[in-house]
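Each chain, written out:
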Amino acid sequence: MIDRLTEHRGLDSFDIRYVALILAILAIGVMSIYSVAHGQGGTAPYYLKQLIWIGLGAAAFLVMWASDYHHLARFAYPAYAFILLMLVFVLFEGRTSKGAQRWIALGPLTFQPSEFAKLILVLVLAHYYSKAPRVGWLQRVIVPGLLVLPGLLLILKQPDLGSGLSFVAVYAAMLLMVGVRSQALGFILLFSIMLFPFAWEGMWGSLHDYQRQRIMAFVDPDYDPAGKGYHALQSKIAIGSGELLGKGLYGGTQSQLKFLPEGHTDFVFAVFAEEWGFLGVLVLLTLFVALIWLSLEIASKAKDQLGALLAVGIVAMLCFCVVVNIGMTAGMFPIVGIPLPLVSYGGSATIMTMASLGLLLNVKRKRLSLFY
Amino acid sequence: MMMTAHSSESEFGDLHRRLFILRVGLLLVVVLLGLRLWHLQIREGPYYRDLSENNRTRLVLLEPARGLIYDRHGVLLANNVPSFSLYVTLEDVKDREVLIQQLTDLLGFDPALVRKKMTAKGSKLLPRKIKDRMTLRDATLIESHRLDMPGVMIQVESQRNYPGGVTAAHLLGYVGEISADQLEKPEFIDLHQGSIVGQYGVEKSYDRHMRGMAGQKSVEVDALGHEKKASVVERPQAGNDLYLTIDVRLQKVAEDLLGEEQGAIVALDPNSGDILAMASRPGFDPNVLSRELTAKQWVEIVQDEGRPLNNRASQGQYPPGSTFKIPMAVAALETKTMSPASTVFCNGGYQFGKRLYHDWKVSGHGYVDLHNALVHSCDVYFYTIGQRMGIDVMAEFGKDFGLGKATGVELPSERSGIMPSTAWKQKAKNEQWLPGETISAAIGQGYVTVTPLQMASLVGTVANDGVSYRPRLVQAVMDRTSGNLQELPAVPRGKINAKPETFRIIKDALADVVTKGTATKAKSSMVTIGGKTGTAQVAALRTGPEENIPKKFRDHAWFVAFAPVESPKIAVAVLAEHMGHGGAAAAPLAKEVIETYMKLTPQVPAVTSDLSGGNGPAHSSKDS
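Predicted model only: the values in this text are computed from it and were never measured. Throughout, residues of each chain are indexed from 1 in the direction in which the sequence is written. Labels follow written order: the first chain is A, the first ligand is 1, and so on. Side-chain atom pairs in this predicted model are given and counted only at pLDDT of 80 or more, local residue features only at pLDDT of at least 70, and totals for whole chains, interfaces and linings cover all residues.

Novice: Teacher, can you tell me more about the overall build of chain A here?
Specialist: Going along the chain from the N terminus, every DSSP run of H or I of four or more residues is numbered as a helix, and every run of E of two or more is numbered as a strand. Helix and strand content of chain A: 15 helices and 3 strands. Partly exposed residues are those whose C-beta has more than 12 but fewer than 20 other C-beta atoms within 10 Å; 20 or more makes a residue buried and 12 or fewer makes it exposed, with C-beta atoms placed from the backbone. Counting every position in chain A, which comprises 372 residues, the buried fraction comes to 51%. Contacts spanning at least 24 positions in sequence make up 73% of the contacts within chain A whose residues lie at least 6 apart. Here contacts are defined at the residue level, using C-beta atoms placed from the backbone and a cut-off of 7 Å between them.

Novice: Got a minute to help me understand the sheet that holds strand β23 (residues 570-576) of chain B in this structure?
Specialist: Strand pairs in the sheet, formed through backbone hydrogen bonds, run parallel or antiparallel to each other. Residue and element names in this part refer to chain B. Think of it this way: DSSP has to see at least two bridges between two strands before they count as a pair. With antiparallel pairing, the 5 strands of this open sheet are ordered in space as β12-β11-β23-β22-β21. Looking at strand neighbours, the two that pair on one side only are β12 (275-281) and β21 (530-536), the edges of this open sheet. Pairwise comparison of adjacent strand axes, ignoring direction, gives a mean angle of 5° for this sheet. Looking at chain direction, β21 and strand β22 (residues 556-563) are connected through 7 bridges and run antiparallel. Counterpart to Lys-532 in the pairing with β22 is Val-560. In this analysis, axes come from line fits to C-alpha atoms, helices being fitted only over the stretch in contact, and the angle between any two N-to-C directions falls in the range 0 to 180 degrees. Lying on the sheet, helix α10 (residues 248-258) is in contact with β11 (263-268) and β12; it crosses β12 at an angle near 30°.

Novice: I tried to follow the nonpolar core on my own but got confused; where do I start?
Specialist: Across soluble globular proteins, you tend to see nonpolar side chains buried next to one another. Nonpolar core, as used here: buried Ala, Val, Leu, Ile, Met, Phe, Trp, Tyr and Cys residues forming one set through C-beta atoms within 7 Å. With 120 residues, the main nonpolar core has A:Met174, A:Leu310 and A:Ala311 as its most contacted residues. Sequence-distant contacts of A:Met174, that is, excluding residues within four places in its chain, are made with A:Leu125, A:Ala126, A:Tyr129, A:Leu309, A:Val312 and A:Gly313. Ranked by size, the runner-up nonpolar core spans 116 residues in total, among them B:Ile69, B:Ala395, B:Ala557 and B:Ala587.

Novice: Help me understand the environment of A:Pro78 in this model?
Specialist: All names here are of chain A. Structurally, the position occupied by Pro-78 is in helix α5 (residues 76-93). The exposed category is assigned to Pro-78, around which 10 C-beta atoms lie within 10 Å. Placed 42 residues apart in sequence, Pro-78 and Ile-120 show a C-alpha to C-alpha distance of 9.9 Å.

Novice: Help me understand unusual backbone geometry in this model?
Specialist: Glycine aside, a negative phi is what most residues show, and trans is what most peptide bonds show. All names here are of chain B. Put simply, Arg-281 and Pro-282 share a cis peptide bond, and its omega is -5°. Structurally, Pro-282 is set in the loop between β12 and α11 (286-289). A cis amide bond links Ala-563 to the next residue, Pro-564, at an omega of -20°. Note on placement: Pro-564 falls in the loop between β22 and β23. For Ser-413, which is not glycine, the phi torsion reads 55° and is therefore positive. On the basis of neighbour counts, which here come to 12 C-beta atoms within 10 Å, the residue Ser-413 falls in the exposed class.

Novice: Quick question: what am I supposed to make of the confidence of the model for chain A here?
Specialist: Regions with low pLDDT carry predicted coordinates that are not meant to be interpreted in detail. Residue and element names in this part refer to chain A. Confidence of the predictor at the level of single residues is given by pLDDT, which spans 0 to 100. Overall, the prediction assigns chain A a mean pLDDT of 80, with 75% of residues at 70 or greater. Across residues 1-8, confidence stays below pLDDT 50; counting only partners more than four residues off in sequence or on other chains, it has 5 contacts. Across residues 221-228 the pLDDT falls below 50, and counting only partners more than four positions away or on other chains, this stretch makes 14 contacts in the model.

Novice: Is there a simple way to think about the environment of B:Ala214 in this case?
Specialist: Residues and elements named next belong to chain B. Mapped onto the fold, Ala-214 is located in the loop between α9 (207-210) and β8 (215-221). For the pair formed by Ala-214 and Pro-236, sequence separation is 22 residues and the distance between their alpha carbons is 4.6 Å. Among all residues touching Ala-214, those that are not within four sequence positions of it are Leu-61, Leu-62, Glu-63, Pro-64 and Pro-236.

Novice: What am I meant to see in helix α14 (residues 305-329) of chain A here?
Specialist: What sets the pattern is the α-helix's 3.6 residues per turn: residues three or four places apart point alike. Residue and element names in this part refer to chain A. For α14, with 25 residues, the first-to-last C-alpha span of 36 Å sits near the 36 Å given by 1.5 Å per residue. Here α14 lies mainly inside the structure; 25 of its 25 residues are buried. Residue Gly-331 follows α14 closely and has a positive phi angle near 75°. Expected helix span is taken as 1.5 Å per residue step, with the number of steps being one fewer than the number of residues.

Structure representation (structure tokens):
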């Protein structure tokens, strides 16, 4: 009875806050893309295209919100198989850009299967852990690890180090939520991934130039072909020169004069920080923390284990991208290609992130009032 | 034993505790991020602000090397030569006027021009081009004074060069800086202000293949604006090379034959559509046009009476005159309007309504059959069959031969000419077709216009018994990145639906035109030639002998030909503007072109050519 009554509630104030946060972050993204690339992208400027992606993302959000995650979880394995096929396809037939083969062309559009693979991985792992009590190291760690592996390897082969790391982060986060015997050890593992940027600064800083180049060449040979830290330096200058109040819209000399490459995609945070200063940065960080907080709220009040795990996986994915992207633009982390969720230009990432958030809200919609 | 009895409930309880830890950890990370940003923006903010305002890194574009152009035997037609350009970054210049003075003193630059370029709109931080095509001496002079002139930079760039000068200028075209209009277009999306693109000829139509991709270099300069170190961020990618179908030796002969006269000569291989030569006179020097021209120079070229930029071979539209009798003859036989043997009596004129249409031979040709009508170019015969068939049947055959539509050759702004019909006149002029107009059209006057290229293609189609190919200029593209030579296949354009017998009769007649008809001046001791003369009327009314008429009102001379008659290897169309009768003015030129081609590509008897792997002209290797 209770179940039935609560299951079909409409929007409440929680949902509205949640949606408002998402919209606010999206607006910051469009504004920054507009600022840095208003003359670029030909007849369809990037900010316009991004608005289209957001429109499609909103549709994905609503579909996910209206669906039932229990039904979706049932399709987790076939969906994973499908996306693996796409990842194989992209290796052979994909579009190459900047040395990496990540895109599949569909007529005039291109899309990036590795983005969607992240969300599907969350579904797969949540489904796996909630279907039966998974006992022992083999069932808890090894088998899901083997599930993650093919996708991870295919993504690393592209090479897309950023998406690969997100894969590992999602796996680690969900593993810890179901618990392993040495939990303490596990948490250290997770936080060391998250704290890696800070540790990196010290460790990386002590290496010689040529050693760094060797390591980077090994990890991701194509990202920074100049190999002179040009990209990282320009990004740091952009952020730092924003100071407290920023240089104002269009005022960012670093990004406007093209010293800063990829200003509308992976380095959009630097553009925003340059033009809006530390105050703007605090606003954006607060928005992200609030969004993640509400998402964790959903996770802790989920009706069942499947819902909780889905929520945790999505939150982990979101957190990881936000932290690593800001960390890399702020020069705390080597540059790996990870976009800032909801802010960076990009069709696949925007649609995937919005769909994930819709799924989170679906978990909340289906929860039992019993937990209140 | 709690750990082994994993009930879903106990696990769920744990979840809340773990989520709590996750939240704490997350807050910690966000606080650290905030601290880092505080450090960057507040504590070190002024330092980075200073760095950004004096950002000493300049991104310099590295222009790609444009693809080269070769003729069918690998003779170089267009390449790039190094040239020195002078760039100035205003941000690094201490005193603009002092610099202008220095440049004027050292190199004799026009100070007003330099000042104009320096004050033009644009970023102070990006190097701007002040002068290109500097001599090595000037560039060295600047380099040796570089320390006195901060902000000045010499960049080696490639300059388009056409070693042949005016040779094949209309085909090759020229290059130039991209215009503001072009920058707006989607096909130039990757380009930027100052990019060099093809503006005419194959340079334009194959621009996408030849242009390559620009690279980037980041240059660090010190506080005084001196270049400190440079690193390549992205290497430029060279464009692809083109192999044209023309034989530059034949091209030169064709151009020299026209000499100072205005006109066009097109020679093509009827077995593939390969254009062997395409001359148009007067011409221009693409080396001059590929440079930055002054407004005055440009006006001079555009306003030239002879319109040297016009490619008369593909853009000149002329009445075909009697050369139009070739498709007319095919139409007459195919529609059975005439049998080969039936005759028409020619008394020197054809009465239609109130008007008498004259034959060019006032005394008349007497009884003529189709063969003799072609050989002696009897107008009355064709008036008669034109009248019997009607304009729409003529138009149908004309269109089959490619008249009235562009051939599709890879040149910009090709014109299509006009193949009139009742529907055409209704559409173009909103008037009804008059019966008298059919009679003019029957001998290629009136509304009918064609380009020399269309006529070469037409006579080639007849020579090839109705099988036709799209005329083409590019036979292969060499991909610079992969190193692959991609041979482009000939493009078949279908076959004219006519009996082999029809083509045999017409080719016999065309051979006799040369041996004993209107074009005996094209008779060659080397090779059998078939052809047809034509005269395109310029002014409707003509009185007195040709010599008394001012040259610009004299008729155009046409001659279309193919050779050898037995197994055609070359088809030629010659149009000489204001040169009078085709037999006298145009036919000898066609003969020269054909003989030259036969000498250049020794004919191997068909049987042995098969054994030796096909060394015919159509398969000539490109690397000789």
